[in-house]
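An overview of the molecular structure
Here is how the chains run, residue by residue.
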Amino acid sequence: MKGNGKSFAEEHLYLEFSHQMENCIFPLHTSITLFLLSYCDSKEFRVFLVSSKENADVAFLQPVLPQGLELQIISRQELPVMVQSCCLPVVVKRADNFCRAGLSVTLRHIIQKTYEADTSKKEVLELLGFKKTCLKACAEVSQWTRLCELSIPLAVERFLREPLELQPPIPEEMLQLERKLREPVRVHNDDKIRRQKLKQQQEAEGPRQSTGSGHQEALRRSAEPEPPTESLELRVALSRLRVQEAPSETNREPVHIRKMQTSDLPPLDHLFAEGLYFTLADLVLLPCIHQFLAQIWKKPCGILSHLPLIASWYQKIQEVPGVKRAAAKCRMQFLQLSDLLPTLDKQPPFLSESPEIEEKNCIHFIGGPRPTISKLMKKGIEAKFSPHPCPNWALDWSSLPAAVSPEEGKMSTERALRKQQQLNNLVSVVTNMAKPGDIVVDFCSGGGHVGIVLAHMLPSCQVVLIENKELSLVRAKKRSDNLGLSNIWFIQANLDYFTGKFNIGVALHACGVATDMVIEHCTKAQAAFVTCPCCYGFIQNTLKFTFPRSEPFKEVLSYKEHMILCRFADQTAVQLPLERRQIGKQCMCLVDLDRAWAAEEHGYSVQVISMEPESCSPKNNMLVGVPV
């Protein structure tokens with residue numbers, strides 16, 4: 001059944017092309033996207049390969065392109081200006097000001113548009129997983145998204161560049177995936193499935209002489225190896241692939257199984273990357289794993305023996321009907337590892353531990369906010385605010401078009417008033433900074449409360465809204481269209497996928513380390529920044545950031561002591577006692593002072609300012625940084 005007779009505007013899909021090797025196009029992000037297009041049999045996109053090479057010829061690439069796919073090769077200079085500001089892949093409607101950038105965002109959009117165009121393709125929609133959240137969380141906060149979207153494709157590309165004669169080590173990212181496949185599967189309603197699995201195991205074994213209580217006997221049986229029969233996991237997975245209901249048992253489980261504690265039930269085994277069900281994550285990983293295995297297959301070097309679960313996953317995924325069709329279109333010739341799997345299963349696992357982020361200076365930890373604050377004061381570090389540059393400045397909201405007001409963003413009148421007060425603070429600073437022709441980027445823009453006001457107030461500037469959540473950005477674009485704004489772009493992407501030049505970066509209540517990411521993005525671009533942090537309690541060491549940020553704070557505080565400040569910085573809600581709120585405000589200022597000094601170490605002049613009125617938000621700090 002086709003999708004309700006809707007007319008779909010042609011969308012342009014831009015993919016990077018660096019080189020080809022055997023039957024694969026690089027970078028791997030491009031091969032992954034082409035494989036998904038083949039799996040979905042999608043005709044909704046016009047595909048462009050963006051080449052860095054002059055005079056690249058489509059005919060030369062034909063042997064490695066998916067069969068039946070028409071595409072055009074262009075140079076980066078031929079890209080739309082908005083797309084030039086993003087990392088590829090990018091998908092955009094022709095002559096539109098809304099684009100989607102980055103692998104996961106682009107792939108999820110391909111799936112959604114394919115299903116909208118033909119709602120009979122339910123197996124395509126199932127790729128998004130339970131609650132349609134597969135690879136939805138951005139790579140900055142989700143280790144799983146980062147592993148699939150960034151770490152493994154880059155690790156495989158690095159591995160392929162190494163001569164096999166040098167016997168390169170197993171990429172740590174592969175070992176991370178092997179560990180992931182070794183973890184117990186957690187799925188919706190898994191308690192019921194695990195009880196069915198135990199019942200299946202016991203029925204397959206048949207009656208045996210009991211050697212103990214019913215509970216002990218059940219545990220003994222669950223620990224024994226399964227007979228070679230179709231597992232319950234496989235039945236459940238196949239039911240999803242065929243878009244049918246999962247198998248249900250007509251007979252109730254025996255009493256001893258119904259009474260068994262969940263912790264005593266047999267775990268579910270991984271069939272696919274995220275558990276029992278075939279999802280987008282499998283399609284992202286497959287081209288990467290295939291190239292990795294094909295490389296080590298040329299000259300066996302013992303690596304495969306340390307990755308039995310990846311080898312088993314690779315063999316199972318070949319049986320998925322849609323994968324077979326897509327592989328044929330993409331000329332992917334699967335390796336057959338079935339004869340090796342019994343041998344690999346007997347190998348001891350080689351699972352090095354992930355490198356942990358070092359927690360420095362934690363030996364002399366002192367608990368509580370007051371000792372930590374006193375420790376800083378002894379070194380002359382105190383919470384101090386710079387004076388507000390224009391405390392009484394406010395927009396005349398009544399004179400502005402209705403779509404400019406936060407009330408248009410689907411919020412209560414009381415909350416909209418506080419949002420207006422917050423915007424007064426940011427807009428006053430940005431409008432004083434901005435010059436005609438400047439590019440102003442609203443990071444983590446949400447529904448566009450900041451960006452839309454700035455685009456309306458600064459018609460001679462280009463305003464760019466960057467947000468990972470599609471629905472928020474769609475609402476913002478609708479408001480912008482109602483206003484007829486022509487100086488605004490909307491980019492659905494993770495923050496790191498925006499690579500364009502800009503002059504001012506803005507972020508209102510970017511959560512946790514997102515504020516630090518915005519500041520870092522601005523300092524790298526030598527752009528001014530105006531940020532209002534939020535969710536201090538979510539701050540923690542990441543792959544990109546360690547805390548404290550600045551040298552003066554590092555010399556005084558350990559990581560754990562800095563976390564004490566972050567946790568108490570969240571204690572500023574109006575419902576709390578006044579003394580507690582005051583301590584929370586002091587901790588907020590110290591955390592932001594650390595951020596300010598870290599930016600100053602990169603050649604910035606930074607002020608920590610308190611918004612006016614302070615009642616506009618419990619998180620009412622504002623960092624204003626200008627490159628010196």
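In this text, all values refer to a predicted model and were calculated from it rather than measured experimentally.

So, the side chain of H509
Looking at the element boundaries, H509 is found in strand β11 (residues 504–511). Exposure remark for H509: the relative accessible area of 19% places this residue in the buried category. A distance of 2.9 Å separates a polar side-chain atom of H509 from the backbone oxygen of K619. Among all residues touching H509, those that are not within four sequence positions of it are Q422, C532, P533, C534, S617 and K619.

Regarding the confidence of the model for the protein
On average, residues of the protein score 85 in pLDDT, and 81% of them are at 70 or above. Every residue in residues 208–229 scores below 50 in pLDDT, and together they form 31 contacts with partners more than four places removed in sequence or on other chains. Taken as a whole, residues 353–365 scores under 50 in pLDDT and shows 27 contacts with residues more than four places along the chain or in a different chain.

Notes on helix α16 (residues 369–378)
Those residues of α16 lying buried are P369, T372, I373 and L376. The buried residues of α16 occupy an angular sector of 100 degrees when the element is viewed end-on, so they sit on one face. Against the buried residues of α16 lie α21 (551–556), α22 (559–569) and α23 (578–600). Downstream of α16 by a residue or two, G380 has a phi angle that is positive, lying close to 80 degrees.

Things to note about the pairing of strand β8 (residues 439–443)
Counted residue by residue, β8 has four buried out of five residues, so it is predominantly covered. Handedness of the crossover joining β8 and strand β9 (residues 462–467) through helix α18 (residues 449–457) is recorded here as right-handed.

Some remarks on the pairing of strand β6 (residues 90–93)
Bridge analysis of strand β1 (residues 11–17) against β6 gives four bridges, and the strand direction is antiparallel. Bridge pairing in β6 places E11 opposite K93. Pairing of β6 with strand β7 (residues 98–101) involves three bridges; the strand directions are antiparallel. Each bridged residue has a counterpart across the sheet, and for V91 the counterpart in β7 is R100. Where β6 hands over to β7, the hairpin turn is made up of four residues, of which A95 adopts a positive phi near 60 degrees.

Describing unusual backbone geometry
Residues F26 and P27 are joined by a peptide bond in cis, for which omega reads 5 degrees. Even without being a glycine, C444 presents a positive backbone phi close to 50 degrees. Locating C444 in the fold gives a position in the loop between β8 and α18. Of the residues examined, C444 reaches a relative accessible area of 31% and is grouped as partly exposed. Positive phi values are uncommon outside glycine, yet Q526 reaches one of about 55 degrees.

Description of the sheet that holds β1
Pairing between the strands of a sheet comes from backbone hydrogen bonds, and it takes one of two forms, parallel or antiparallel. Read across the open sheet, the twelve strands follow the order β5-β4-β1-β6-β7-β10-β9-β8-β11-β12-β14-β13; overall the sheet is mixed. Looking at strand neighbours, the two that pair on one side only are β5 (71–75) and β13 (604–610), the edges of this open sheet. Each adjacent strand pair in this sheet contributes to an overall mean axis angle of 20 degrees, direction not counted. Note that strand β12 (residues 528–534) and strand β14 (residues 621–627) share three bridges and pair antiparallel. By the bridge assignment for β14, F529 is matched with G625. Contacts from helix α4 (residues 103–117) reach β1, β4 (45–51), β6, β7 and β10 (488–492) within the one sheet, and its direction differs from that of β7 by about 115 degrees.

Comments concerning the pattern of salt bridges
Summed over all chains, the structure comprises 24 salt bridges. In this structure, the salt-bridge partner of D438 is K435, at a minimum N-O distance of 3.7 Å. On the basis of relative accessible area, D438 is assigned to the buried category, the value being 6%. Note that K619 is salt-bridged to D570, the shortest N-O span being 3.6 Å. On the criterion of sequence distance, the pair formed by K619 in the loop between β13 and β14 and D570 in the loop between α22 and α23 is long-range, its members being 49 residues apart. With a relative accessible area of 10%, K619 lands in the buried category. We classify D570 as partly exposed; its relative accessible area is 28%. Among the charged side chains, a salt-bridge network with shared partners connects D496, E520, K524 and K544.

What counts as what
- Residues numbered from 1 in each chain as written.
- Predicted model: local features only at pLDDT ≥ 70, side-chain atom pairs only at ≥ 80, totals over all residues.
- Heavy atoms only, no water.
- Helix = DSSP H or I, 4+ residues; strand = E, 2+ residues; numbered from the N terminus.
- Buried < 20%, exposed > 50% of the residue type's maximum accessible area, 1.4 Å probe, protein only.
- Polar contact = N/O pair within 3.5 Å; in protein donor to acceptor, adjacent residues only side chain to side chain.
- Contact = heavy atoms within 4.5 Å.
- pLDDT = per-residue confidence, 0-100.
- Arc of directions from axis to C-beta.
- Right-handed = clockwise from strand over helix to strand, strands pointing away.
- Pairing = 2+ DSSP bridges.
- Axes fitted to C-alpha atoms, helices over the stretch in contact; angles between N-to-C directions.
- Salt bridge = Lys/Arg side-chain N within 4 Å of Asp/Glu carboxyl O.

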